[in-house]
Amino acid sequence: MSFAMLGTVNDKNWRRILEDLELSLKNCECKGRTELFNLIHPTLLRFLSKDEDLKSDKIDNVFRIYCITFAQWQDVVSPVVYSDVLEELSAILFRLSCLTNKSNLPWSCLSEECCLTIVQTIHISISASAQKSQGISFYPVKNLPLLSHICSTLLEMSEFASWRAVRLKALQTLGTLFHPWANISKHYDPRVRETVAHFLPGVCQTLYRIVTGDQKVGSLVKKTAFDAWSACLTVVFTRQENARLSTACPDLSGESILLAFAPVCHHA
């Protein structure tokens, strides 16, 4: 396709252009990726920001494109882009909250596939940023409202999404949000701990309900909830000196917490 057509995206031809773009990006060679992404990124953001009819398929198509570029083109994506995309995603969810019934969750009007794409976009944005800039670009105080909105959305989807795949991915993404690095002893910054500490009350309440609530919830969902919970607790309660000296921390893995809470879950 001609990428110049991106500038002509409108209500009539958006589906064909975005589907062609998605296919082209999957097969795009390395040459010219930087120039191409610099064209794609602002065009997609403008398309969503000016769209008054926020339908699932539009949101899904746009963020699927971001998932592809973030996964395959990390060498050309700057850390600030990840924040831009999450801010746009947060703005869309806020706009949906104004359009939907106040008694419903903002994302409840979206398809399950779109919800999964949204969660995947959040996950890959945090993961890719952590690899590129030690993840610190997400965690300054100025980003606390954005991260709080992202966290609350993930908690809602973890608890109320009807599709199991969405619940699992939301829980996994929460774990990545709380602990974006594989080894906290190698990557530690007090800004991450201070930010995650703000989420602790809501996280504990929601994940406790998931673990001890509906008995029909599968064991994998509960274990993933425990893993996210343990990631939050590990970051909040691991002191910097312990991380620097690699002091052994209590076992806060999902399995260990599951064993500790087994009596509670049994009687809930």
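First, a word on scope: everything that follows refers to the structure included in this document. Just so you know, these numbers come straight off a predicted model, no measurement behind them.

Some words on the overall build of the protein chain
Along the backbone of the protein chain there are 11 helices and zero strands. Taken from the N to the C terminus, the helices and strands of the protein chain come in the order α-α-α-α-α-α-α-α-α-α-α. Within the span of the protein chain, comprising 268 residues, buried residues form 51% of the whole. Partitioning the contacts of the protein chain with sequence separation of at least 6, the portion at a separation of at least 24 is 73%. Accessible surface computed for the protein chain: about 13,000 Å², of which carbon and sulfur atoms make up 55%.

Brief notes about the nonpolar core
Counting 80 residues, the largest nonpolar core has Phe-70, Phe-178 and Leu-207 as its most contacted members. Not counting the four nearest positions on each side in its chain, Phe-178 is found in contact with Cys-151, Val-192, Val-196, Phe-199, Val-203, Ala-228, Ala-231, Cys-232 and Val-235.

Some remarks on the pattern of salt bridges
Counted according to the given criterion, the structure contains four salt bridges. Salt-bridge contacts for Asp-60 lead to Arg-64; the nearest nitrogen and oxygen are separated by 2.7 Å. Note that Asp-60 and Arg-64 are positioned in helix α3 (residues 56–72) at a spacing of four residues, about one turn of the helix. Put simply, Glu-159 and Arg-209 hold a salt bridge, and the shortest N to O gap is 2.8 Å. Residue Glu-159 is found in helix α6 (residues 144–160), and its partner Arg-209 is found in helix α8 (residues 190–212); the two are separated by 50 residues along the sequence. Its relative accessible area of 17% is what places Glu-159 among the buried residues.

A closer look at helix α9 (residues 219–237)
Taking 1.5 Å of rise per residue, the 19 residues of α9 would be expected to cover 27 Å, and the 26 Å separating its terminal C-alpha atoms lies within 8% of that figure. Burial runs high along α9: 14 of the 19 residues are buried.

Description of the side chain of Thr-195
Inspection of the secondary structure assignment puts Thr-195 in helix α8. Looking at Thr-195, the relative accessible area reads 5%, which means it is buried. From its side chain, Thr-195 meets the backbone oxygen of Tyr-139 in a polar contact 3.0 Å long. One polar contact links the side chain of Thr-195 to the main-chain carbonyl oxygen of Arg-191, over a distance of 2.9 Å. Excluding residues within four positions of it along the chain, Thr-195 makes contact with Tyr-139, Leu-144 and Leu-147.

Some remarks on the environment of Ile-150
Within the secondary structure, Ile-150 sits in helix α6. Judged by relative accessible area, Ile-150 falls into the buried class, the value being 1%. In this view, Ile-150 contacts Leu-86 and Ile-122; residues no more than four positions away in its chain are not counted.

Some points on the packing of helix α7 (residues 164–178) against α8
At a minimum axis separation of 10 Å, α7 and α8 run at an interaxial angle of 150 degrees. Relative to α8, α7 is oriented roughly antiparallel. Seen from above, α7 lies across α8 with left-handed handedness. Residues Arg-167, Leu-171, Leu-177 and Phe-178 of α7 lie in contact with α8, whose contacting residues are Val-192, Val-196, Phe-199, Val-203, Leu-207 and Ile-210.

Description of the environment of Cys-114
Residue position: Cys-114 is located in helix α5 (residues 112–133). Residue Cys-114 is classed as buried on the basis of its relative accessible area of 0%. For the pair formed by Cys-114 and Arg-64, sequence separation is 50 residues and the distance between their alpha carbons is 9.0 Å. Contact partners of Cys-114, with chain neighbours within four places excluded, come to Ser-56, Ile-59 and Asp-60.

Parameters and conventions
- Residues numbered from 1 in each chain as written.
- Predicted model: local features only at pLDDT ≥ 70, side-chain atom pairs only at ≥ 80, totals over all residues.
- Heavy atoms only, no water.
- Helix = DSSP H or I, 4+ residues; strand = E, 2+ residues; numbered from the N terminus.
- Buried < 20%, exposed > 50% of the residue type's maximum accessible area, 1.4 Å probe, protein only.
- Contact = heavy atoms within 4.5 Å.
- Areas by Shrake-Rupley, 256 points an atom, 1.4 Å probe, with all protein chains shown as cover.
- Core = buried A, V, L, I, M, F, W, Y, C linked by side-chain atoms within 4.5 Å.
- Salt bridge = Lys/Arg side-chain N within 4 Å of Asp/Glu carboxyl O.
- Expected span 1.5 Å × (residues − 1).
- Polar contact = N/O pair within 3.5 Å; in protein donor to acceptor, adjacent residues only side chain to side chain.
- Axes fitted to C-alpha atoms, helices over the stretch in contact; angles between N-to-C directions.
- Parallel < 35°, antiparallel > 145°, perpendicular 65-115°, else oblique.
- Left-handed = near helix turned anticlockwise from the far one by under 90°.

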